[in-house]
Amino acid sequence: MTTQNAGPREGPGPATRQRHARAGRGRHQAAYPLALYVPAAVVYVAIFLIPTVMAFYFALTRWTLFDSTFIGLDNFRDFLAEQNLRVGFQNTLVYAVVTSGLKVVLGMALGVLLTSRLRLRGFLRSVVFFPVLVSTVAVGITFSALLRPDTGLVDRALAVVGVSGPDWLGDATTALLSVALVDVWKGVGLATVIYIAGILSIPQEYHQAVAVDGGNAWHRFRHVTLPLSWPATYSVIILSFIGGLRSFDLIWTMTRGGPGFTSDVIASIIYKQYQAGFFGLSTAGNVLLFVVVTVIVVPLNYYLGKKQVAL
């Protein structure tokens, strides 16, 4: 019997060496991005997490600046018994749906217009985005003057063509809608910028393919721009809807929840409790608003995100 001497053992192949090299690089690089997370985590915990936990605690107390007394769920019961809460909750949902829906439609339209071969489109983009930069309180004060009955610029312009304008902010049927339209005017610029970014990220080959097949501008919009700009639509819906549910400053500046309580939203009801000195009650209202926003937005975000993945 002859015995063959085993030759020298070959080292790992190129593929194995590459895997080991990538694993080694991953181990060395893992600490670098993790270190970058630390400052953001500290800011998040200090500015968001700790105040949120404190709000949940103080919602269970009757508190002032110097003292607090634990009273359990009494604040929540009292806030839910608020006579205007049902109207405020209804107005909050209507306001959020109207403002977010109009921002999506108008933002998409302006985004398509301002990405076309339009002269002065750079200037027009600046004009559309300008209201976003203006203080919300300043916008509210300005439009309160413009919408005054008889003396406001809007009613005067309507009178020129023989139309008698309503009391935009003093009539229960028009007050909330008037504020919502002002909110859309102020916020549609941000939606437009998001849509412009989304539309410009669509490869031109898709538009060229539609043109080769004989499609016109409508076909390009219907089959290319509309479906492929869904990530922008998703972002605008979520941001606008959350903003609508939390809206307060513009409503308070223009109507203060009036006339009567007809344009009250949840946030304005909470603020009125603060004004009256019921700090624990208003804190409970803030917690409930947080829960309402979470309950509505999380399923909406899941549904829209799932639809985005499907595309």
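Owing to the predicted nature of the structure, the values given are computational and were not obtained by experimental measurement.

Undergrad: Please provide a residue-by-residue account of helix α9 (residues 217-228), values included.
TA: Between its first and last C-alpha atoms α9 spans 15 Å; for 12 residues at 1.5 Å apiece the expected length is 16 Å, and the two agree. Sitting at the amino-terminal end of α9 is Asn216, which places a side-chain oxygen 3.2 Å from the backbone nitrogen of Trp218.

Undergrad: Please set out the environment of Ser247 residue by residue, giving values where relevant.
TA: Here Ser247 lies in the loop between α10 (230-246) and α11 (249-254). Here the alpha-carbon distance between Ser247 and Ala180, two residues 67 residues apart in the chain, equals 9.9 Å. Residues in contact with Ser247, not counting those within four places in the same chain, are Tyr95, Asp183, Val265 and Ala267.

Undergrad: Give me the packing of helix α3 (residues 85-113) against α10: which residues, what numbers.
TA: Running from N to C, α3 and α10 cross one another at 150 degrees; their axes reach a closest spacing of 8 Å. With respect to α10, the axis of α3 lies roughly antiparallel. Helix-helix and strand crossings are classified by hand; for α3 and α10 the assignment is right-handed. Contacts between α3 and α10 involve Thr92, Leu93, Tyr95, Ala96, Val97, Thr99, Ser100, Lys103, Val104 and Met108 from the first element and Thr233, Val236, Ile237, Ser240, Phe241, Gly244 and Leu245 from the second. Residues belonging to the contact of α3 with α10 are distributed by class as follows: 10 nonpolar, six polar and one charged.

Undergrad: So what's going on with the pattern of salt bridges? Which residues, and what values?
TA: This structure, assessed with the given rule, holds three salt bridges. Asp183 is the partner of Lys103 in a salt bridge, and the nearest nitrogen-oxygen pair spans 2.9 Å. Of this pair, Lys103 sits in helix α3 while Asp183 sits in helix α7 (residues 175-200), and the two are 80 residues apart along the sequence. Each member of the pair, Lys103 as well as Asp183, carries the same accessibility label: buried. The residue Lys272 makes a salt bridge to Asp264 at a minimum N-O spacing of 2.8 Å.

Undergrad: Residues and numbers for the nonpolar core, please.
TA: Counting 14 residues, the largest nonpolar core has Tyr95, Val179, Val182, Leu250 and Met254 as its most contacted members. Mapped by element, the contributors of at least two residues to this core are α5 (136-146), α7 and α11. Here the element with the most residues in this core is α7; it accounts for four residues. Contact partners of Leu250, with chain neighbours within four places excluded, come to Tyr95, Thr136, Val139, Gly140, Val179, Val182 and Asp183.

Undergrad: Any chance you could break down the packing of aromatic side chains for me, citing the residues and the numbers?
TA: Using the criterion set out here, one finds 11 aromatic pairs in the structure. Ring plane angle 35 degrees and centroid distance 5.2 Å describe the contact between Trp63 and Phe279, whose orientation is recorded as tilted. Taken together, the positions of Trp63 in strand β1 (residues 61-63) and Phe279 in helix α13 (residues 279-310) put the pair 216 residues apart, joining distant regions of the chain. Exposure remark for Phe279: the relative accessible area of 27% places this residue in the partly exposed category. Here the aromatic cluster, defined as three or more aromatic residues joined through ring pairs, consists of Tyr57, Phe58, Trp63, Tyr274 and Phe279.

Cut-off values and rules
Residues numbered from 1 in each chain as written. Predicted model: local features only at pLDDT ≥ 70, side-chain atom pairs only at ≥ 80, totals over all residues. Heavy atoms only, no water. Helix = DSSP H or I, 4+ residues; strand = E, 2+ residues; numbered from the N terminus. Expected span 1.5 Å × (residues − 1). Polar contact = N/O pair within 3.5 Å; in protein donor to acceptor, adjacent residues only side chain to side chain. Contact = heavy atoms within 4.5 Å. Axes fitted to C-alpha atoms, helices over the stretch in contact; angles between N-to-C directions. Parallel < 35°, antiparallel > 145°, perpendicular 65-115°, else oblique. Left-handed = near helix turned anticlockwise from the far one by under 90°. Nonpolar A, V, L, I, M, F, W, Y, C, P; charged D, E, K, R; others polar. Salt bridge = Lys/Arg side-chain N within 4 Å of Asp/Glu carboxyl O. Buried < 20%, exposed > 50% of the residue type's maximum accessible area, 1.4 Å probe, protein only. Core = buried A, V, L, I, M, F, W, Y, C linked by side-chain atoms within 4.5 Å. Phe/Tyr/Trp six-rings, centres within 6.5 Å; stacked < 30°, edge-to-face > 60°.

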